[in-house]
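Chain by chain, the residues run as shown.
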Amino acid sequence: MTDASALIERYGHFVNPGLARALRFMGMEAVEKTGHGAVLVTEDGDEYLDCAGGYGVFVQGYQHPRIVAKAHAQLDTMALSSHVLLNRPMIDLAEELARLTPGDLQYSFFCNSGTEAVEAALKFARIQTGRSRIIATEGAFHGKSMGALSVSGREIYQKPFSPLVPDIVHVAYGDAQQIAEVIDDRTAAVIVEPIQGEGGVVIPPDDYLPRIRELCDTYGALWIADEVQTGIGRTGRMFAVEHAGVIPDFLCLAKALGGGVVPIGAVVARAEAWTFFDSAPLIHTSTFGGNPLACAIAQEALRVTAEERLPERAANLGSYFLQSLADLQRQFPEVITAVRGRGLMIGVEVPGAGVGGAIISELFSRHVLAVYTLNNEKVIRLIPPLVITPAEIDQVLVAFRESLGVIRPMVNDLLEG
Ligand SMILES: Cc1ncc(COP(=O)(O)O)c(C=O)c1O
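Conventions adopted
Residues numbered from 1 in each chain as written. Predicted model: local features only at pLDDT ≥ 70, side-chain atom pairs only at ≥ 80, totals over all residues. Heavy atoms only, no water. Salt bridge = Lys/Arg side-chain N within 4 Å of Asp/Glu carboxyl O. Helix = DSSP H or I, 4+ residues; strand = E, 2+ residues; numbered from the N terminus. Buried < 20%, exposed > 50% of the residue type's maximum accessible area, 1.4 Å probe, protein only. Axes fitted to C-alpha atoms, helices over the stretch in contact; angles between N-to-C directions. Left-handed = near helix turned anticlockwise from the far one by under 90°. Contact = heavy atoms within 4.5 Å. Core = buried A, V, L, I, M, F, W, Y, C linked by side-chain atoms within 4.5 Å. Domains from an automatic or database assignment. Buried area = accessible area lost by both parts, 1.4 Å probe. Polar contact = N/O pair within 3.5 Å; in protein donor to acceptor, adjacent residues only side chain to side chain. Near = heavy atom within 4 Å. Nonpolar A, V, L, I, M, F, W, Y, C, P; charged D, E, K, R; others polar. Patch = residues over 30% accessible without salt bridge, like charges linked within 9 Å, V, L, I, M, F, W, Y side chains within 5 Å. Areas by Shrake-Rupley, 256 points an atom, 1.4 Å probe, with all protein chains shown as cover. Lys, Arg positive; Asp, Glu negative; His and termini not counted. Charge placed at Lys NZ, Arg CZ, Asp CG, Glu CD. Phe/Tyr/Trp six-rings, centres within 6.5 Å; stacked < 30°, edge-to-face > 60°. Pairing = 2+ DSSP bridges.

1. Side note on the pattern of salt bridges
Consideration 1: Using the criterion set out here, one finds 20 salt bridges in the structure.
Consideration 2: Across the pair D249 and R213 runs a salt bridge, and its minimum N-O distance is 2.9 Å. Placement of the pair is D249 in the loop between α11 (241–244) and β9 (250–253) and R213 in helix α10 (residues 208–219), with a sequence separation of 36 residues.
Consideration 3: Take D249: its relative accessible area is 6%, and that puts it in the buried class.
Consideration 4: Judged by its relative accessible area of 9%, R213 falls in the buried class.
Consideration 5: Between E349 and R340 there is a salt bridge; the shortest N-O distance is 2.8 Å.
Consideration 6: Residue classification places E349 among the buried residues on the basis of a relative accessible area of 18%.
Consideration 7: The structure contains a network of salt bridges with shared partners spanning D104, R213, D217, D249 and R270.

Next comes the structure, spelled out in structure tokens:
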């Protein structure tokens, strides 16, 4: 038996005391070792069905054999770039992204995480327009580096670090009229997620993104679509902006682009938003960004996503999962107040954070992993790998039904507590 308790102790001592306490409180004492498909395997050989999906990283599943094989092959050849000679995997990946992304998105900048992709897009929008104002949305999550944090929409993560990056205006998410009221010829960019992930899986009205596109065009501002969580098949299309049929100026990617094997982030842009690089080619760079290892793996991740038709799979399985959860909501209306989602990006809303925590704990004891959304603790987010099978979704539903049965009599106490 692994001594998970001793490992938590060391985690608390050497990494993060607060999180170690929370894990112990939730009874989440298990040590990850490996995984396959939608299943995470512990050092003790226990298996968990993962609906947290590494916060969106494991679209193609854990340790996808083709992606792992590609990683080994590239590692044997060249992992990091000289940054002096030409880097073929990086250029190949950029060309592939230009082909796969909608419309005339063409150029790519590569980095190592979602927050770096957002950081880069904000800088690109400012230099390209020569303006500084950024319009962002309440409840948004764009990352935790200074610029990305400044355009995020949750005070508890922002306040301790103020003053943040200046000239950022926040408006309510999903209401294009509010953007219309603040956008003008000082606006460099509007940044939005096509679906707010950490905000609680919030789906905007159908005309929201088209209206943002129109407003940006009218005022010469640039639209940054943050698809760090929604991108690479999650919502039932390769990119979530495709549901609305509109093309952003900058598309931010990370998470699943790395195939569940390696960190990588990217900003993909239209040619008109990229002219600043002509005269300032070194204005924004990253030593590790675009490394051959990550880029070769990302290409394989994109191929696997397309060839295994994972976006279609997300659409089909997602609608089954969503309907089944809606049935559970009808059976347990005191515990589930709303269910919403698109593809395999699903949010289950409960009446309070304590109720959500208790459900997550119950699910864990039934070997199902789920987490709440970072900016809205009342929403349990279900973002499993898209390779999850229908039988595994049924297993998750059984675990949910049992957990809801346990929690129902405790709801009032949990809300008061
Ligand atoms: C929409 C969105 N943008 C940016 C980020 C930040 O990504 P990272 O944690 O890789 O910096 C996240 C992370 O959850 C995200 O969901």
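2. A word on the packing of helix α5 (residues 88–100) against helix α13 (residues 292–307)
Consideration 1: Taken N-terminus to C-terminus, the directions of α5 and α13 make an angle of 35°; their axes are 8 Å apart at the nearest point. Viewed along their axes, α5 and α13 form a crossing whose handedness is left-handed. Contacts from P89, M90, D92, L93, E96, L97 and L100 of α5 reach α13 at P292, C295, A296, A298, Q299 and L302.

3. Describing the nonpolar core
Consideration 1: In this structure, L325, I359, L382 and F400 are the most contacted members of the largest nonpolar core, which totals 91 residues.
Consideration 2: Mapped onto the domain boundaries, this core takes at least three residues apiece from domain 1 (31–60 + 309–416) and domain 2 (65–307).
Consideration 3: Membership of the second largest hydrophobic core comes to 28 residues, among which are I134, L222, I224 and V228.

4. Side note on the domain arrangement of the protein
Consideration 1: Domain boundaries in the protein define domain 1 (31–60 + 309–416) and domain 2 (65–307).
Consideration 2: Relative to domain 2, the C-alpha centre of domain 1 lies at a distance of 27 Å.
Consideration 3: Contact between domain 1 and domain 2 buries roughly 2700 Å² in total, counting both sides, with carbon and sulfur atoms accounting for 55%.
Consideration 4: Three residues, R342, M345 and N375, lead the burial of domain 1 against domain 2; their summed loss comes to 31% of the area buried on that side.
Consideration 5: Taken together, domain 1 and domain 2 are joined by 2 salt bridges.
Consideration 6: One can count 23 residue pairs in polar contact (both at pLDDT 80 or more) joining domain 1 with domain 2.

5. Focus on the site of the ligand
Consideration 1: Around the ligand, the structure places S113, G114, T115, F141, H142, G143, E193, E198, D226, V228, Q229 and K255.
Consideration 2: Interatomic distance of 2.8 Å between a backbone N/O atom of G114 and an oxygen atom of the ligand.
Consideration 3: A distance of 2.8 Å separates an oxygen atom of the ligand from a polar backbone atom of T115.
Consideration 4: Class assignment of the residues belonging to the shell around the ligand gives a composition of 2 nonpolar, 6 polar and 4 charged.

6. Overview of a negative patch on the surface
Consideration 1: A contiguous patch of negative charge, built from E43, D44, D46 and E47, is present on the exposed surface.
Consideration 2: Here E47 lies in strand β3 (residues 47–50).
Consideration 3: Given the relative accessible area of 41%, E47 is considered partly exposed.

7. Regarding the environment of I407
Consideration 1: Along the chain, I407 turns up in helix α16 (residues 390–407).
Consideration 2: Accessibility expressed as a relative area gives 0% for I407, which makes it buried.
Consideration 3: Residues I407 and V335, 72 residues apart in the sequence, show an inter-C-alpha distance of 7.6 Å.
Consideration 4: Once residues lying within four places of it in the same chain are set aside, the contact partners of I407 are V335, V355, A358, I359, E362 and L414.

8. A few points about the packing of aromatic side chains
Consideration 1: Under the counting rule described, the total for this entry stands at 12 aromatic pairs.
Consideration 2: Each ring, one from F124 and one from W274, has its centre 5.1 Å from the other, and the planes form 80°; the classification is edge-to-face. Linking F124 in helix α6 (residues 114–129) with W274 in the loop between β10 (265–270) and α12 (276–279), this pair joins segments that are 150 residues apart in sequence. The same class applies to F124 as to W274, namely buried.
Consideration 3: Pairing F124 with F277 gives two aromatic rings, centres 5.5 Å apart and planes at 70°, and the pair type is edge-to-face. Residue F124 is located in helix α6, and its partner F277 is located in helix α12; the two are separated by 153 residues in the primary sequence.
Consideration 4: Note on F277: relative accessible area 15%, which makes it buried.

9. So, the sheet that holds strand β15 (residues 376–382)
Consideration 1: Read from one edge of the open sheet, 4 strands run β11-β12-β15-β14, paired in antiparallel fashion. Of all strands in the sheet, those with a lone pairing partner are β11 (338–342) and β14 (371–373), marking the two edges. Taking each pair of neighbouring strands and ignoring which way they run, the sheet shows an average axis angle of 35°.
Consideration 2: Contacts from helix α15 (residues 353–365) reach β14 and β15 within the one sheet, and its direction differs from that of β15 by about 30°.

10. Notes on the side chain of N375
Consideration 1: Summarising the element assignment, N375 is placed in the loop between β14 and β15.
Consideration 2: For N375, the side chain forms a polar contact with the main-chain oxygen of A140, separated by 2.8 Å.
Consideration 3: Dropping the residues within four chain positions of it, N375 is found in contact with G139, A140, F141, R154, Y157, E198 and G199.

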